[in-house]
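Fold and contact review
The lines below spell out each chain.
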Amino acid sequence: MYDPSHLRTFLTVAQTLSFTQAARRLGLRQSTVSQHVRRLEDAAGRQLFSRDTHSVELTEDGEVMLGFARRILEVHEQATAFFTGTRLRGRLRFGASEDFVLTRLPEILEAFRYDHPEVDLELTVELSGTLHEQLAAGKLDLVLAKRRPEDPRGEPVWHDELVWIGAERLRLDPDRPVPLIVYPPPGITRALAMEALERQGRAWHVTCTSGSLNGLIAAARAGLGVMAHSRGMVPPGLVRVPDRAGLPELGRVDFVLVHGHRRTSAQSAADALAAAILTSGDRLHRR
């Protein structure tokens, strides 16, 4: 009833919320992407997206279809691998930034390990800047991390806005330096936060430095200051700092997948994990 190619296209559009970006990612024409979605909607007898010239959003039926589409494709891929005898093997060194500690990335990795039990998956959790350095040094095969908007490296998983967050009761004194909670260098959000304040001419001082997201969250919940964070992944117990605080805009940030430049025995496994993340990437920031 549901064509796997149509389901893959649907998941990509649902993740990017853009027919243009989905077409680019899938290597298809935009008209083909629209045709796949239309045929899937015809098969389901429901509208899966509400769209106009400016925006694309999932309908309630589209949200339900997300779960079905993932499960159908997972079973389809398992059957294909079983009957073709193509089993992935090898050691795969995967790096994920601290941003994903509290997301559903473990579910994606668990499903990948279930589908490919003979892949020896090694996970490194670090700052995005550190992961990029380790990838360049050949110490990792695949990285899921932040990048600066002007950085051309990697395949975008999604784009998000950086916002200031802190404890709900926190009040900032406009006459005193902004208390900052930051990752150590080479943290990307650290650099973007400090650059934004310096452009505004606003004084700041660091009240907490931690390489652990949980450490930063604990400091923020204690009211020690504010931190720059992805809008789509604001941790529980913290809120966006209101505009009246006068903090500068931080701009957007890209979350990307980057492959190592060196061909290794884990290349096929890295490609498979990248495909799994791109297919299910909306689960990393969708509540």
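Note: the structure precedes this text.
So, here is what we can say about the structure in this document. From a predicted model like this one, the values you see are computed outputs, not experimental measurements. (Residues numbered from 1 in each chain as written. Predicted model: local features only at pLDDT ≥ 70, side-chain atom pairs only at ≥ 80, totals over all residues. Heavy atoms only, no water.)

This next bit is on the pattern of salt bridges. One pass over the full model with this rule turns up 10 salt bridges. With its nearest N and O atoms 2.9 Å apart, the salt bridge here joins Asp141 to Arg93. Linking Asp141 in the loop between helix 6 (128-136) and strand 5 (142-147) with Arg93 in strand 3 (residues 90-97), this pair joins segments that are 48 residues apart in sequence. With relative accessibility at 17%, the residue Arg93 sits in the buried group. Each of the salt bridges in this network shares a partner with another, and the network as a whole consists of Arg147, Arg252 and Asp254. (Salt bridge = Lys/Arg side-chain N within 4 Å of Asp/Glu carboxyl O. Helix = DSSP H or I, 4+ residues; strand = E, 2+ residues; numbered from the N terminus. Buried < 20%, exposed > 50% of the residue type's maximum accessible area, 1.4 Å probe, protein only.)

For strand 5, the tally of buried residues reaches 6 of 6 residues, placing the bulk of the element in the interior. In the sheet, strand 3 pairs with strand 5 via 3 bridges, with the strands oriented parallel. Within strand 5, the position partnered with Phe94 by the bridge is Leu142. Relative to strand 11 (residues 252-259), strand 5 is paired through 6 bridges, and the arrangement is antiparallel. Paired with Val143 across the strands is Val258, a residue of strand 11. (Pairing = 2+ DSSP bridges.)

Running from N to C, helix 5 (residues 105-115) and helix 9 (residues 267-280) cross one another at 135°; their axes reach a closest spacing of 10 Å. The orientation of helix 5 with respect to helix 9, classified from their angle, is oblique. Of the two possible hands of crossing, helix 5 and helix 9 adopt the one that is right-handed. Of the residues in helix 9, those touching helix 5 at Ile108, Leu109 and Phe112 are Ala269, Ala272, Leu273, Ala276, Ile277 and Ser280. Grouping the amino acids of the contact of helix 5 with helix 9 by side-chain chemistry returns 8 nonpolar, 1 polar and no charged. (Axes fitted to C-alpha atoms, helices over the stretch in contact; angles between N-to-C directions. Parallel < 35°, antiparallel > 145°, perpendicular 65-115°, else oblique. Left-handed = near helix turned anticlockwise from the far one by under 90°. Contact = heavy atoms within 4.5 Å. Nonpolar A, V, L, I, M, F, W, Y, C, P; charged D, E, K, R; others polar.)

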